[in-house]
2 protein chains.
Amino acid sequence: MNLYEKLAAELEKQIKSETYRFGEKLPSVRELHRSAGMSISTILQSLYLLEAKGLVEAQPKRGYYVTYHPNQGKKTPVVYHPTQKEGTGDIEDLIQQVYGAHDEPSPTVNFAIGVPSTNMLPIARLKKIVRETMLDLTDACVQYEPITGNDYLRRQVAQRTSLWHHALSPDDLVTTSGCMNALALALMSITKKGDRILTESPVYFGTLQLAQSLGLEVVEMPTHGEHGLDMEEVKKTLKQTAIAAVIVVSNFSNPLGYSMSSQCKRALVNICTTHQVPLVEEDLYGDVYFGTERPLSCKSFDREGIVLWCSAVSKTLAPGYRVGWIAPGKYRDKVLKTKLYHQVSSPSLSHEVVARFMDKGRYENHLRQLRVTLHHNLLKYLKIIQEYFPENTKTTFPNGGFLLWVELDPRIDTSLLYQPALTLGIKYAPGRMFTLRDQYKNCLRLSFGLDWNEQTATALTKLGLLLQHQLVNY
Amino acid sequence: MNLYEKLAAELEKQIKSETYRFGEKLPSVRELHRSAGMSISTILQSLYLLEAKGLVEAQPKRGYYVTYHPNQGKKTPVVYHPTQKEGTGDIEDLIQQVYGAHDEPSPTVNFAIGVPSTNMLPIARLKKIVRETMLDLTDACVQYEPITGNDYLRRQVAQRTSLWHHALSPDDLVTTSGCMNALALALMSITKKGDRILTESPVYFGTLQLAQSLGLEVVEMPTHGEHGLDMEEVKKTLKQTAIAAVIVVSNFSNPLGYSMSSQCKRALVNICTTHQVPLVEEDLYGDVYFGTERPLSCKSFDREGIVLWCSAVSKTLAPGYRVGWIAPGKYRDKVLKTKLYHQVSSPSLSHEVVARFMDKGRYENHLRQLRVTLHHNLLKYLKIIQEYFPENTKTTFPNGGFLLWVELDPRIDTSLLYQPALTLGIKYAPGRMFTLRDQYKNCLRLSFGLDWNEQTATALTKLGLLLQHQLVNY
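Residues numbered from 1 in each chain as written. Chains lettered and ligands numbered in written order. Predicted model: local features only at pLDDT ≥ 70, side-chain atom pairs only at ≥ 80, totals over all residues. Heavy atoms only, no water.

## Describing the relation of the copies chain A and chain B
Right, on to step 1. When chain A is fitted to chain B, the residual RMSD is 0.2 Å, and the transformation amounts to a turn of 180° plus an axial shift of 0.1 Å. As the rotation angle and translation indicate, the two copies are arranged about a two-fold axis. Of every C-alpha in chain A, the one belonging to Arg131(A) sits nearest the axis of rotation, 2.6 Å from it.
Right, on to step 2. Of the residues that chain A buries at the interface, 100% are likewise interface residues in chain B, meaning the two copies contact each other through the same surface. (Least-squares fit on C-alpha atoms with pLDDT ≥ 70 in both. Contact = heavy atoms within 4.5 Å.)

This is the structure in structure tokens:
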């Protein structure tokens, strides 16, 4: 054992014994240098090792913080098995209640919101790029784009896939008006009314709404809280049933927050290829990873063009700009036609602006900051949840994105608790929204894309106390 | 008879006897003042009278031009009766040929194009408004809009309907990503696969493509070249057949160029209301009128919310910006849901920019100029068609928009002539594209939204000569 490995092992023991607890700061490099009598470079090497193991995290200019949580794994929900029992009532009512336009009686801390806080977005730089674009372009982008979309944007997006196993070329890409629009174009192109599609469970409610509006039957699959779809079940189902498409959020899933491992991704692509079932991959959060590199996509394992990779900047840069894209593989012609018939073309101005923003390196710069901010937020959330939520609370441990799934005592119904929480100025997304089956009533989804401040901390604490109080009453 | 009426009658006689021919300039006010010995004010009154009769047109700073054409009416196609015979082959191939991305061998004068020339659009002013918007807005419109769309834009659009019988309020409107998107949202919301919809004939091919992609059966109705749908036939069909929706271009139709009279509009709304059939009204060209005021919409006669009024700035200001809207009447909830599921929201940046452009009076200013330009173009086109196209050519006489329908000798097949024309550097839209039936092969649609210059004039002349030549060969 090297010197730095020894120090790392010692620190690891202290972390696992909760001498340094989750969210706390380790002694500074200088302090360790003094107390351990090792060189700065050795100490840094130990810390890098701990970081690689996911036990600590460097916060720029602040030091190293413990990211290990004794409950990690133990308190993570394991596998969700969709019940056979169909849900009663329409989830539409619940969704309307949470996302419909209401006159709120008081300012609300909205943990249900599906986008990061505006304060986390690079508004000033974006404005500058818009102004520059207007000065540089002779035609202000007024004319229709080609049906495949803005060339500049497709080139930028393709460049961002250059490290994949199969990197994309601009020709592989078709722009869309955001990611939901990419999903809609995909499903309209490859399914027809009455078809069955296969999804995770719990699953993003927008996918359920879209599927229902297209007359598709949703088959929810058992899903692991840490790595997604149960591959054996998927395999079995594809063998036994006619499935028109599999649809999955591959990285930092909505709502569970898990990321499929590369192995799982490869396996899923293989299964789909074998059965010639198109795989619609929603990869909307993949750029916001907390690890050392961006997780791969299913698309990067796709040799036969079976994957329709859908993404956008809606969760990372500018939700309202409707800048998304799809790599539709061998369904390209169908997707192009659907796009043409329904929309003619994508919104030129915002697509040009985002292409420039990427080209100038601004997007990657911004993402770097966003990842750190969101990761810190997550740690702060988990700390409060550990302290103030009921003892038997389980959470997922997302390694990216900004969505956290919380599983509570089975006696709690988060739909019923929605109004009492709202009275306290707190909004969350009840678990029941994320399935068509009769389950997840004791779950909720929290966004950690909110600004971290006194108000947010207080709201989260209050929510925990409300849940505690609820349990006492049983 | 007043003095000014006498002068007007005299001038009318000279126009009708072709002393002053179509497209020529009348003597100036000063010249008439001298020769007729009447006051300037009397002379202006006579000219106003002629203008009101549609015989002449004032061109700012240039004088009065003859707009009367001896063939007007006589050579207009009367009623198009859809044949029972289904068309052979897929119109998709033809559309692909005309609108697909090709490497053209040489520069082409593209009469098939469906938008006005960029030179007719107020690029500099638009750019200025984009820059101003960026300076004024604190958040650069990055966040999702409310599901109904940008409030500012909806207010501006509502203001533009203030002279209607039933003016719209912002709440009546839902923004969309252009007009085609409005149509798609409308049809997805009110029809289901297998339904029948009723359209004009010939009908815009985009409507046919959309309907086919949604699995709808299209019933083409007999259509009058000057005022649109044959109301008796519509009434009969609605009585006998289950129709899910009627879809119509109410003003300066694509491809015929006619505008429905207010009477026809009212009648159509009444018929649809009686049968409780939604009326999807595409009113995309209505702002580009050549008369003295904007024609009304069907929506303005709609008391029961049966009309889904769809419009956009795509044909008048910025095709690529995808700024459109729909007033969905009583189908509002359905349309809102479809919009949410497929797109989440409209592109915020371009919608905000167009709202500002309207609010500052720039849109109306621009339209004033655009109307004059397009009207003059039409007159120049008609002049060349009269001189160089075969004797038995018929054209519609659009009173707005920029689309002209040309009916040729029945022996001519414009699909077959497409390639020879292309060799001459000329593109047009063959008539067969505008129906699913076996007809309109001897027709074509020309855009007069091209810059009028030597090249355009030569191309149009060449097209006429090509057609002449073709007939000689029969």
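And the narrative resumes.
## Points about the sheet that holds strand E13 (residues 324-327) of chain A
Strands belonging to one sheet form pairs held by backbone hydrogen bonds; the direction of such a pair is parallel or antiparallel.
Residue and element names in this part refer to chain A.
Right, on to step 1. With mixed pairing, the 7 strands of this open sheet are ordered in space as E5-E13-E12-E11-E10-E6-E7. If you trace the sheet from one side to the other, it starts and ends with strand E5 (174-176) and strand E7 (217-220), each paired once. Averaged over neighbouring strand pairs, the angle between their axes works out to 25° when direction is ignored.
Right, on to step 2. Across 3 bridges, the pairing between strand E6 (residues 196-199) and strand E10 (residues 245-249) is parallel. Note on E10: the bridge partner recorded for Leu 198 is Val 246. (Pairing = 2+ DSSP bridges. Helix = DSSP H or I, 4+ residues; strand = E, 2+ residues; numbered from the N terminus. Axes fitted to C-alpha atoms, helices over the stretch in contact; angles between N-to-C directions.)

## Things to note about the side chain of Ser297(B)
All names here are of chain B.
Right, on to step 1. With respect to the helices and strands, Ser 297 occurs in the loop between strand E11 (279-282) and strand E12 (307-312).
Right, on to step 2. Engagement of the side chain of Ser 297 in a polar contact is seen with the backbone nitrogen of Lys 299, the distance being 3.3 Å.
Right, on to step 3. Discounting chain neighbours no more than four positions away, the residues touching Ser 297 are Trp 164, Asn 251, Lys 265, Glu 281, Asp 283 and Trp 309. (Polar contact = N/O pair within 3.5 Å; in protein donor to acceptor, adjacent residues only side chain to side chain.)

## A closer look at the pattern of salt bridges
Right, on to step 1. Taken as a whole and judged by the stated rule, the model has 40 salt bridges over all chains.
Right, on to step 2. Notably, a salt bridge pairs Glu232(B) with Lys235(B), separated by 4.0 Å at the nearest N-O pair. One end of the pair, Glu232(B), and the other, Lys235(B), are both in helix H9 (residues 231-240), 3 residues apart, so they sit about a helical turn from each other.
Right, on to step 3. Relative accessible area serves as the criterion here: at 34%, Lys235(B) is assigned to the partly exposed category.
Right, on to step 4. With a closest N to O distance of 3.1 Å, Arg371(B) and Glu364(B) form a salt bridge.
Right, on to step 5. By relative accessible area, which is 9% here, Arg371(B) ends up buried.
Right, on to step 6. Through salt bridges that share partners, Arg160(A), Asp283(A), Asp287(A), Arg294(A), Glu364(A) and Arg371(A) make up one connected network. (Salt bridge = Lys/Arg side-chain N within 4 Å of Asp/Glu carboxyl O. Buried < 20%, exposed > 50% of the residue type's maximum accessible area, 1.4 Å probe, protein only.)

## Some thoughts on the sheet that holds strand E14 (residues 394-395) of chain B
Residues and elements named next belong to chain B.
Right, on to step 1. Strand order in this open sheet of 4 strands is E14-E15-E18-E17, and the pairing throughout is antiparallel. The open sheet has two edge strands, E14 and strand E17 (429-430), and neither has a second partner.
Right, on to step 2. Alignment of E14 against strand E15 (residues 403-407), held across 2 bridges, turns out to be antiparallel. Looking at E15, one finds that Thr 395 is bridged to Val 406.

## Details of empty space enclosed by the protein
Residue and element names in this part refer to chain B.
Right, on to step 1. Within the structure shown, the criterion is met by 3 cavities of 30 Å³ or more.
Right, on to step 2. By volume, the largest cavity amounts to about 100 Å³.
Right, on to step 3. Residue lining of the largest cavity: Val 157, Arg 160, Thr 161, Trp 164, Asp 283, Asp 287, Arg 294, Trp 309, Ser 311, Trp 325, Met 358 and Tyr 363, and that is the complete set.
Right, on to step 4. For the lining of the largest cavity, the per-class residue count stands at 6 nonpolar, 2 polar and 4 charged.
Right, on to step 5. In this structure, the second largest cavity occupies an estimated 40 Å³ of space. (1 Å grid on protein atoms, 1.4 Å probe; cavity = no way out; pocket = protein on both sides within 12 Å on 5 of 7 lines; lining within 4 Å. Points joined across faces, edges and corners; volume = space filled by probe spheres on them. Nonpolar A, V, L, I, M, F, W, Y, C, P; charged D, E, K, R; others polar.)

## Description of the interface of chain A and chain B
Right, on to step 1. The interface of chain A with chain B comprises 52 residues on the first partner and 52 residues on the second.
Right, on to step 2. Interface area, chain A with chain B, both sides summed: about 4,200 Å², of which 63% is carbon and sulfur.
Right, on to step 3. Seen at the junction of chain A and chain B, the total is 0 salt bridges.
Right, on to step 4. For the pair chain A and chain B, the number of links is 22 residue pairs in polar contact (both at pLDDT 80 or more).
Right, on to step 5. Breaking the side of chain A that touches chain B down by element, the ones donating at least two residues are helix H5 (123-136), helix H7 (179-190), helix H8 (205-213), helix H11 (332-343) and helix H12 (348-359) of chain A.
Right, on to step 6. Of the residues assigned to the side of chain A that touches chain B, the class counts are 27 nonpolar, 16 polar and 9 charged. (Buried area = accessible area lost by both parts, 1.4 Å probe.)

## Focus on the packing of aromatic side chains
Right, on to step 1. For the coordinates displayed, the defined rule picks out 24 aromatic pairs over all chains.
Right, on to step 2. For the ring pair Tyr204(B) and Phe205(B), a centre distance of 4.9 Å and an interplane angle of 55° mean the geometry is tilted.
Right, on to step 3. Chaining the aromatic ring pairs together yields one cluster made of Tyr99(A), Tyr204(A), Phe205(A), Trp405(A), Phe434(A) and Tyr440(A). (Phe/Tyr/Trp six-rings, centres within 6.5 Å; stacked < 30°, edge-to-face > 60°.)

## Points about unusual backbone geometry
Keep in mind that most residues, glycine aside, have a negative phi and that most peptide bonds are trans.
Residues and elements named next belong to chain B.
Right, on to step 1. Of note, the amide linkage connecting Ser 201 to Pro 202 takes the cis form, showing an omega dihedral of -5°.
Right, on to step 2. Turning to its location among the elements, Pro 202 is positioned in the loop between strand E6 (196-199) and helix H8 (205-213).
Right, on to step 3. Along the chain, Asn 254 connects to Pro 255 via a cis peptide bond; the corresponding omega equals 10°.
Right, on to step 4. When you line up the elements, Pro 255 lands in the loop between strand E10 (245-249) and helix H10 (262-275).
Right, on to step 5. Within the chain, Glu 18 stands out as a residue other than glycine whose phi angle is a positive 60°.
Right, on to step 6. For Glu 18, the position within the fold is in the loop between helix H1 (3-16) and helix H2 (29-36).
Right, on to step 7. Look at Gln 276: it is not a glycine, yet its phi comes out positive at around 55°.

## What to know about the environment of Ala186(A)
All names here are of chain A.
Right, on to step 1. Tracing the chain through its elements places Ala 186 in helix H7.
Right, on to step 2. A relative accessible area of 0% places Ala 186 in the buried class.
Right, on to step 3. Excluding its chain neighbours within four sequence positions, the residues that come into contact with Ala 186 are Val 280, Leu 308 and Ile 326.

## So, the domain arrangement of chain A
Residues and elements named next belong to chain A.
Right, on to step 1. Per the domain assignment, the segments making up chain A are domain 1 (3-66), domain 2 (79-120 + 365-472) and domain 3 (123-363).
Right, on to step 2. Computed over C-alpha atoms only, the centres of domain 2 and domain 3 are separated by 25 Å.
Right, on to step 3. Roughly 3,200 Å² of surface becomes buried between domain 2 and domain 3 when both sides are summed, with 64% attributable to carbon and sulfur atoms.
Right, on to step 4. Counting across the interface, domain 2 meets domain 3 through 19 residue pairs in polar contact (both at pLDDT 80 or more).
Right, on to step 5. If you list the elements that add at least two residues to the side of domain 2 that touches domain 3, you get strand E3 (79-80), helix H4 (91-99), helix H13 (362-388) and strand E15 (403-407).
Right, on to step 6. Per element, the largest residue contribution to the side of domain 2 that touches domain 3 is 8 residues, and it comes from H13.
Right, on to step 7. The residue inventory of the side of domain 2 that touches domain 3, partitioned by class, reads 22 nonpolar, 12 polar and 4 charged. (Domains from an automatic or database assignment.)

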